[in-house]
Amino acid sequence: MVEAASYSAVETLRDGRRVDIRALRQDDRDELLAAVGRTSPESLYRRFFTVKRGFTEQEIAFFLNIDFVDHVALVTVVDEASRPVIVGGARYILLRPGKAEVAFAVIDQYQGQGIGTALMRHLAGIARGVGIRELTADVLPENNAMLRVCATSGLPLTTKYESNIVHVALRLDGTV
């Protein structure tokens, strides 16, 4: 079983750039907020289902206070001008034993490079290792990138369309 709180892996993006995928840390606060500032209003809307340009202290605390048991978060870090920068993140929150909800965000200039796919693979591996059998997500129908990440994950997938939301369920008894 992989220790989620110290998780770290290296991936290669479609453009050949290497990135780190690692556990979110408490000291990532400034970088996490900077990533939000670099994300378009449209991408934030697709992630949060509302117009969002900033977060309350309570929301920030929720995003950063990860127990790595019921709430696991990973970030993607790239090197920009010899400085590590967060450009994407994913998390799952346990809904009940065996089932967790996932969410992803990637800043616009890095979308389409395979970050979401890599985050899904790593998050699914961690979840599977702790006995989670299903990952779910509520996705806006126009969020083609997230729907594509789910559809190409290699995991058995079911979708249900309901009043402007696509409910996605991914079974972890498949292979990634």
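Residues numbered from 1 in each chain as written. Predicted model: local features only at pLDDT ≥ 70, side-chain atom pairs only at ≥ 80, totals over all residues. Heavy atoms only, no water.

### Focus: the overall build of the protein
A count of helices and strands for the protein gives five helices and eight strands. Helices (α) and strands (β) of the protein occur, in sequence order from the N terminus, as β-β-α-α-α-β-β-β-α-β-α-β-β. For 176 residues, the compact-globule estimate of 2.2 N^0.38 gives 16 Å, and the C-alpha radius of gyration of the protein, at 15 Å, lies within 12% of that figure. Projected onto its principal axes, the C-alpha positions of the protein cover 40 × 40 × 35 Å. Within the span of the protein, comprising 176 residues, buried residues form 47% of the whole. Residue pairs in contact within the protein that sit at least 24 positions apart in sequence constitute 57% of those at least 6 positions apart. Here the protein has roughly 9100 Å² of accessible surface; of this, 51% comes from carbon and sulfur atoms. If you average the places of the 21 positive and of the 22 negative side-chain charges in the protein, the two averages end up 4 Å apart. (Helix = DSSP H or I, 4+ residues; strand = E, 2+ residues; numbered from the N terminus. Rg over C-alpha atoms; globule rule 2.2 N^0.38 Å. Buried < 20%, exposed > 50% of the residue type's maximum accessible area, 1.4 Å probe, protein only. Contact = heavy atoms within 4.5 Å. Areas by Shrake-Rupley, 256 points an atom, 1.4 Å probe, with all protein chains shown as cover. Lys, Arg positive; Asp, Glu negative; His and termini not counted. Charge placed at Lys NZ, Arg CZ, Asp CG, Glu CD.)

### Things to note about the pattern of salt bridges
A side chain of one charge can pair with a side chain of the opposite charge when the charged atoms of the two come close. Following the criterion strictly, the structure yields nine salt bridges and no others. Glu57 is paired through a salt bridge with Arg29; the nearest N and O atoms lie 3.0 Å apart. Here Glu57 is found in helix 3 (residues 57-64), whereas its partner Arg29 is found in helix 1 (residues 29-37), with 28 residues between them in sequence. With its nearest N and O atoms 3.0 Å apart, the salt bridge here joins Arg38 to Glu80. One end of the pair, Arg38, is in the loop between helix 1 and helix 2 (41-48); the other, Glu80, is in strand 3 (residues 71-80), and 42 residues separate them in sequence. Overall, the relative accessible area of 32% leaves Arg38 in the partly exposed class. (Salt bridge = Lys/Arg side-chain N within 4 Å of Asp/Glu carboxyl O.)

### Points about the sheet that holds strand 7 (residues 157-162)
In sheet architecture, strand pairing relies on hydrogen bonds along the backbone and comes in two forms, parallel and antiparallel. Spatially, eight strands are ordered 1-2-3-4-5-6-8-7 in an open sheet, and the strand pairing comes out mixed. Each end of this open sheet is capped by a strand with a single partner; those strands are strand 1 (8-12) and strand 7. Between one strand and the next, the sheet's axes are offset by a mean angle of 25°, whatever the strand orientation. Here strand 7 runs beside strand 8 (residues 165-171); their pairing, made up of six bridges, is antiparallel. Directly across from Glu162, in strand 8, lies its bridge partner Ile165. Its contacts with the sheet place helix 5 (residues 144-151) against strand 5 (99-106), strand 6 (134-139), strand 7 and strand 8, and it is angled at close to 20° to strand 8. (Pairing = 2+ DSSP bridges. Axes fitted to C-alpha atoms, helices over the stretch in contact; angles between N-to-C directions.)

### Some remarks on the environment of Gly114
In this fold, Gly114 is placed in the loop between strand 5 and helix 4 (115-129). Taking C-alpha positions, Gly114 is 18 Å from Arg46, a pair spaced 68 residues apart along the chain.

### Observations regarding the nonpolar core
Formed by 55 residues in total, the largest nonpolar core has its most connected members in Tyr92, Val102, Phe104, Leu123 and Leu135. Here this core gets eight residues from one element, more than from any other, and that element is helix 4. Discounting residues that sit within four places of it in the chain, Val102 has contacts with Arg91, Tyr92, Leu123, Leu135, Thr136, Ala137 and Met146. (Core = buried A, V, L, I, M, F, W, Y, C linked by side-chain atoms within 4.5 Å.)

### Examining the side chain of Glu11
Along the chain, Glu11 falls in strand 1. Polar contacts involving the side chain of Glu11 include one to the side chain of His122, which spans 2.6 Å. The residues touching Glu11, leaving out its near neighbours within four places in the chain, are Arg17, Arg18, Val19, Ile21, Ala118, Arg121 and His122. (Polar contact = N/O pair within 3.5 Å; in protein donor to acceptor, adjacent residues only side chain to side chain.)

### Section: the layout of surface pockets
A water-sized probe rolled over the atoms picks out the places where empty space is left. The volume enclosed by the largest pocket comes to roughly 720 Å³. Contributing to the lining of the largest pocket are 34 residues, with Phe104, Ala105, Asn143, Ala145 and Met146 lying nearest its centre. Elements supplying a minimum of two residues to the lining of the largest pocket: helix 2, strand 4 (83-96), strand 5, helix 4, strand 6 and helix 5. The element that contributes the greatest number of residues to the lining of the largest pocket is strand 5, accounting for six residues. Looking at side-chain class alone, the lining of the largest pocket contains 17 nonpolar, 10 polar and seven charged residues. (1 Å grid on protein atoms, 1.4 Å probe; cavity = no way out; pocket = protein on both sides within 12 Å on 5 of 7 lines; lining within 4 Å. Points joined across faces, edges and corners; volume = space filled by probe spheres on them. Nonpolar A, V, L, I, M, F, W, Y, C, P; charged D, E, K, R; others polar.)

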